[in-house]
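Remarks on the overall topology
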Amino acid sequence: MKGWKLFALLLPALLLCACGQKEPARENSPPETTVPVEERVPLWSDLRWDGRLELDYAEGYTVDFSPEGYARISIDQETYLLVPEPGQLPAEVPEEVTVLRQPLENIYLQATAAMDCFRQLDAIDAVTMSGTQAEGWYIPEAREAMEAGRMVYAGKYSAPDYELIADHGCDMALESTMIYHTPEVKEQLERLGIPVLVERSSYESHPLGRMEWIKLYGVLTGKLEEAEAYYDAQLERLAPILEQESTGRTVAFFSITSNGSVTVRKAGDYIAKAIDLAGGVYVPQGLAEEENALSTMNIQMETFYNEVRDADVLIYNSAIEADLETIGQLVAKSEALADFKAVQNGDVWCTGKSMFQESQSVGEMILDIHCILAEQGEGPMTYLYRLSQ
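Below you will find a few notes about this structure.

Notes on the sheet that holds strand 4 (residues 78-83)
If you walk across this open sheet you meet the five strands as 1-2-3-4-5, and the pairing is mixed. Only two strands of the sheet have a single neighbouring strand rather than two, namely strand 1 (51-52) and strand 5 (97-101). The pairing of strand 2 (residues 61-65) with strand 3 (residues 71-75) spans five bridges and is classified as antiparallel. Note on strand 3: the bridge partner recorded for Phe-65 is Ala-71. This element, helix 7 (residues 214-221), spans strand 2, strand 3, strand 4 and strand 5 of the sheet and lies at about 40° to strand 2.

With respect to the environment of Asp-116
The residue Asp-116 is located in helix 2 (residues 115-120) in this model. The exposure class assigned to Asp-116 is buried, which follows from its relative accessible area of 1%. Residues Asp-116 and Gln-357, 241 residues apart in the sequence, show an inter-C-alpha distance of 7.2 Å. Among all residues touching Asp-116, those that are not within four sequence positions of it are Ile-139, Gln-357, Glu-358, Ser-359, Gln-360 and Ser-361.

Examining the environment of Leu-367
Its place among the elements puts Leu-367 in helix 13 (residues 362-375). Linking Leu-367 and Ala-278, residues 89 residues apart in sequence, is a C-alpha distance of 6.8 Å. Setting aside anything within four residues of it in sequence, one finds Leu-367 in contact with Arg-237, Leu-238 and Ile-241.

A short note on the side chain of His-370
Locating His-370 in the fold gives a position in helix 13. For His-370, a relative accessible area of 9% translates into the label buried. Excluding anything up to four places from it in sequence, His-370 contacts Ile-241, Gln-244, Ala-278 and Glu-375.

Things to note about the side chain of Thr-98
Turning to its location among the elements, Thr-98 is positioned in strand 5. In contact with Thr-98, other than residues within four places in its own chain, are Thr-79, Tyr-80, Leu-81, Pro-195 and Val-196.

Observations regarding the pattern of salt bridges
Counted under the stated rule, the structure contains 15 salt bridges. Arg-48 is the partner of Asp-50 in a salt bridge, and the nearest nitrogen-oxygen pair spans 3.1 Å. Judged by relative accessible area, Asp-50 falls into the exposed class, the value being 52%. We note a salt bridge from Lys-341 to Asp-312, for which the minimum N-O separation is 2.7 Å. Here the residue Lys-341 occupies a position in helix 12 (residues 341-345), and Asp-312 occupies one in the loop between helix 10 (301-308) and strand 15 (313-316), the gap between them amounting to 29 residues. In this structure, a network of salt bridges that share partners links the residues Arg-52, Asp-64 and Arg-72.

Examining unusual backbone geometry
Cis peptide bonds are those with omega within 30 degrees of zero, and the linkage from Glu-85 to Pro-86 qualifies with 0°. Within the element layout of this structure, Pro-86 appears in the loop between strand 4 and strand 5. Of the consecutive residues Val-283 and Pro-284, the connecting peptide bond is found in the cis state with omega at 5°. As for its placement among the helices and strands, Pro-284 is situated in the loop between strand 13 (280-283) and strand 14 (296-299).

Describing the packing of aromatic side chains
Enumeration according to the criterion identifies seven aromatic pairs in this entry. Note on Phe-118 and Tyr-217: the rings are 5.4 Å apart at their centroids and 50° apart in plane angle, and the pair reads as tilted. With Phe-118 in helix 2 and Tyr-217 in helix 7, the pair connects residues that are 99 residues apart, well separated along the chain. Taken as a pair, Phe-118 and Tyr-217 share a single burial class, namely buried. Arranged with centres 5.3 Å apart and planes meeting at 85°, the rings of Phe-254 and Tyr-316 form a pair that is edge-to-face. Placement of Phe-254 in strand 11 (residues 249-256) and of Tyr-316 in strand 15 is noted, with a sequence separation of 62 residues between them. Site record: aromatic cluster; members linked through ring pairs are Phe-254, Phe-304, Tyr-305, Tyr-316 and Phe-340. Its end group placed over the ring of Tyr-203, Arg-200 keeps NZ or CZ at 4.2 Å from the ring centre. Just above the ring of Tyr-270 sits the side chain of Arg-210; from NZ or CZ to the centre is 3.5 Å.

Thoughts on helix 3 (residues 140-147)
Burial in helix 3 covers these residues: Ala-142, Ala-145 and Met-146. Down the axis of helix 3, the sector holding all buried residues measures 95°, keeping them to one side. Contacts made by the buried residues of helix 3 are with helix 2, strand 7 (127-130) and strand 8 (152-153).

A closer look at the sheet that holds strand 8
Taken in spatial order, the five strands make up an open sheet running 8-7-6-9-10, and their pairing is parallel. Each having just a single partner strand, strand 8 and strand 10 (196-198) make up the two edges of the open sheet. For strand 7 and strand 8, the ladder comprises two bridges, and the chain directions are parallel. Considered in strand 8, the bridge of Ser-130 is made with Tyr-153. Running at roughly 145° to strand 10, helix 5 (residues 183-191) makes contact with strand 9 (172-175) and strand 10 of the sheet.

A look at the environment of Ser-258
Turning to its location among the elements, Ser-258 is positioned in the loop between strand 11 and strand 12 (262-265). When its relative accessible area of 85% is taken as the criterion, Ser-258 is described as exposed. C-alpha of Ser-258 to C-alpha of Lys-333: the two residues are 75 residues apart in sequence and 8.7 Å apart in space.

Cut-offs and rules
Just so you know, the residues in each chain are numbered from 1, in the order the chain's sequence is written. Only residues with pLDDT of at least 70 get local features here, since the model is predicted, and only at 80 or more are side-chain atom pairs given and counted; chain-wide, interface and lining totals rely on the full set of residues. To obtain the side-chain values, all non-hydrogen atoms of the structure were used and water was disregarded. Strand pairing is defined by DSSP finding a minimum of two bridges between the two strands. The secondary structure listing takes helices from DSSP runs of H or I that are at least 4 residues long and strands from runs of E that are at least 2 residues long, numbered from the N terminus. Should any heavy atoms of two residues lie within 4.5 Å, those residues are considered in contact. To obtain an axis, a line is fitted to C-alpha atoms, over the contacting stretch when the element is a helix, and the angle between two such axes runs from 0 to 180 degrees between their N-to-C directions. Relative accessibility under 20% of the residue-type maximum defines a buried residue, over 50% an exposed one, and the middle range a partly exposed one, all with a 1.4 Å probe and only protein chains included. Note on definitions: salt bridges are taken to be side-chain nitrogens of Lys or Arg within 4 Å of carboxyl oxygens of Asp or Glu. Whether two aromatic rings pair depends on their centres lying within 6.5 Å, for rings of Phe, Tyr and Trp, where Trp uses its six-membered ring; planes under 30 degrees apart make the pair stacked, over 60 edge-to-face, and the rest tilted. We call a charge positioned over a ring when the NZ of a Lys or the CZ of an Arg lies within 6 Å of the ring centre and within 35 degrees of the ring normal. Each direction from the helix axis to a C-beta atom contributes to the arc, which is the arc of those directions.

Here is the structure:
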């Protein structure tokens, strides 16, 4: 009896000891885990940007890469963070940084010059919304995509169809700098959660810098290798021309407005530099240029006459109006042109309308101009054609 009483007295202590012991792990219980380092959400401030996209001529953008696969894109005063699929958004990204998430496959494109980059990268299907109507496209693939319904018109830059854009699950609005004339549109797109990237390739003063923007679109679409291969192939084609000495022949690139004034490119413009790279000398030179960001300026016909009458070659820019076919049609715009050396020699050329939509046309344009200067236009031409007498 005494033994039983002693057991009863000791029982609470025995139970207390048993409860304090750790239960042995069962065979099927899940092991304790920790979050793998690669799955932890990084802090923006901890990201290391130890790689940079190599650029030869472009000055309007930079791209830096982190070991985690992020890309930091800088364009003018704007910063963009490209998040790879299926990467996580870093923590504490500054409010002023625009976040882009790959894959970018529902793009609303207003910057028409960018379409050619998507075409060259075989990524035109990533553009599902356009700010240009089908009839406004001179790039056949863009027009065909709109006619087939794979790309839809979503309103021009100043009046986009917000409802349509939102319903399409827009990944990015790709705008030209015209958007800065209607800042409320940019703000509304951003309120809808649509990131806006403003394209500035047209501000590149060097023609090959403008062409090098294809590398940026290679980064955005995940096709950087293809972009670099395309760009390098263009440089290889141009190398023999760029190594040659100037022919010394003078070239004017112009158009005539409805009021009779003449629109010419400024001497620092990319077309003027393309003429120089092709072996020509751009004219007119040395004019007092207007202090603005425009690449063109208007001068009176009298000034144009005095500066350009003896030019060896005239190239008429028909980007806005209907293409010209004869020198007579050009002279009808201003009888003073009849006195020009190039008109009398029949060395007058005209641009095709597609040239300015095709941003990657710069290389072909240099080849065309070189053909005019060195071979008298006897070789095959892509964007320029001679006006008949």
